[in-house]
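So the chains spell out like this:
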Amino acid sequence: NAGVTQTPKFRVLKTGQSMTLLCAQDMNHEYMYWYRQDPGMGLRLIHYSVGEGTTAKGEVPDGYNVSRLKKQNFLLGLESAAPSQTSVYFCASSYTFDGYNEQFFGPGTRLTVL
Amino acid sequence: TQLLEQSPQFLSIQEGENLTVYCNSSSVFSSLQWYRQEPGEGPVLLVTVVTGGEVKKLKRLTFQFGDARKDSSLHITAAQPGDTGLYLCAGGSGYSTLTFGKGTMLLVSP
């Protein structure tokens, strides 16, 4: 089991460029999440999905789009990158039982927007 | 909006010392989780507590959920350099999302 994998691990963009971050999980989890982590700000939820074909906004969704076409994949898109989107991005997946979920995280993607 | 406040924000200690970090909220959570994140990696789940007053032990780590399910603590006995990392608490109040605290950065020196 690879768990949760993220592609790419590092990326540098110029302002206005677009890119897609790929998250894949092999644990058959229903729920998937995208977070960003910035110094002093903790983990902030961007978007999440509770199943194939469904997505929902999190705390900081502006400037990002997502798609969940397959259960095992969750894509995060930046249509026009801005320096404020420089961050470390983490994907997570989870299953739920007894009313709570336990999240498994990928290794992260470090994105710099110049 | 539910918030989780963690304290202290940063802790630097010597190997062998004991420490406690706290996670507090004005909101009630149905579950409380602790994660540890090492530099350059994603967070890894350490424990989930769901019952008010619950205490769980994981080797030298002791986790407690407050009676009112609004707060939690993590106590480490005889800290080791391998305990170094960012400790995050996360509260759940439903099935789909978690509220994360900003974390406590722990540095244990030999």
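Here, the structure is the one placed above.
Summary of the structure given here.

What counts and how
- Residues numbered from 1 in each chain as written.
- Chains lettered and ligands numbered in written order.
- Predicted model: local features only at pLDDT ≥ 70, side-chain atom pairs only at ≥ 80, totals over all residues.
- Heavy atoms only, no water.
- Helix = DSSP H or I, 4+ residues; strand = E, 2+ residues; numbered from the N terminus.
- Rg over C-alpha atoms; globule rule 2.2 N^0.38 Å.
- Buried < 20%, exposed > 50% of the residue type's maximum accessible area, 1.4 Å probe, protein only.
- Contact = heavy atoms within 4.5 Å.
- Polar contact = N/O pair within 3.5 Å; in protein donor to acceptor, adjacent residues only side chain to side chain.
- Pairing = 2+ DSSP bridges.
- Axes fitted to C-alpha atoms, helices over the stretch in contact; angles between N-to-C directions.
- Phe/Tyr/Trp six-rings, centres within 6.5 Å; stacked < 30°, edge-to-face > 60°.
- Salt bridge = Lys/Arg side-chain N within 4 Å of Asp/Glu carboxyl O.
- Nonpolar A, V, L, I, M, F, W, Y, C, P; charged D, E, K, R; others polar.

Here we come to the overall build of chain A. Helix and strand content of chain A: zero helices and 11 strands. Starting at the N terminus and ending at the C terminus, chain A contains elements arranged as β-β-β-β-β-β-β-β-β-β-β. Relative to a compact globule of 114 residues, whose C-alpha radius of gyration would be 13 Å, chain A shows 13 Å and is just as compact. Over its C-alpha atoms, taken along the principal directions, chain A stretches across nearly 45 × 30 × 25 Å.

All names here are of chain A. Here Asn 65 lies in strand β7 (residues 65-67). Owing to a relative accessible area of 32%, Asn 65 belongs among the partly exposed residues under this scheme. The contacts of Asn 65, once residues within four sequence positions are left out, are His 47, Leu 75, Leu 76, Gly 77 and Glu 79. Side-chain polar atoms of Asn 65 contact the side chain of Glu 79, separated by 3.4 Å.

What follows covers the sheet that holds strand β3 (residues 19-24) of chain B. Residue and element names in this part refer to chain B. Read across the open sheet, the five strands follow the order β1-β3-β8-β7-β6; overall the sheet is antiparallel. Each edge of the open sheet is held by one strand with a lone partner, namely β1 (5-7) and β6 (55-58). On average, adjacent strands in this sheet sit at an angle of 15° to one another, irrespective of strand direction. Both strand β7 (residues 61-65) and strand β8 (residues 71-76) contribute to a ladder of five bridges, which runs antiparallel. Across the sheet, residue Phe 63 finds its bridge partner in β8, namely Leu 74.

Moving on, we come to the packing of aromatic side chains. Residue and element names in this part refer to chain A. All told, the structure shown has nine aromatic pairs over all chains when counted by the stated rule. The interplanar angle of 35° and the centroid separation of 5.6 Å between the aromatic rings of Tyr 35 and Phe 105 together place this pair among those described as tilted. Remark: Phe 105 occurs in strand β10 (residues 100-105) and Tyr 35 occurs in strand β4 (residues 31-38); sequence separation between them is 70 residues. Residue classification places Phe 105 among the buried positions, given a relative accessible area of 11%. Ring geometry for Tyr 64 versus Tyr 89: centroids 5.9 Å apart, planes at 65°, classification edge-to-face. Taken together, the residues Tyr 64 in the loop between β6 (54-57) and β7 and Tyr 89 in strand β9 (residues 87-97) connect sequence positions 25 residues apart. On the accessibility criterion, Tyr 64 (9% relative accessible area) is buried.

Looking now at the interface of chain B and chain A. Listed as interface residues are 22 residues of chain B and, on the opposing side, 21 residues of chain A. Where chain B packs against chain A, one counts zero salt bridges. Counting the contacts that link chain B with chain A gives five residue pairs in polar contact (both at pLDDT 80 or more). Secondary-structure elements contributing two or more residues to the side of chain B that touches chain A are β4 (31-37), β5 (44-49), β9 (85-92) and β10 (98-100) of chain B. When residues of the side of chain B that touches chain A are assigned to their parent elements, the largest contribution, four residues, is made by β4 of chain B. Classifying every residue of the side of chain B that touches chain A by side-chain character gives nine nonpolar, 11 polar and two charged.

Purely geometric numbers; function is a separate question.
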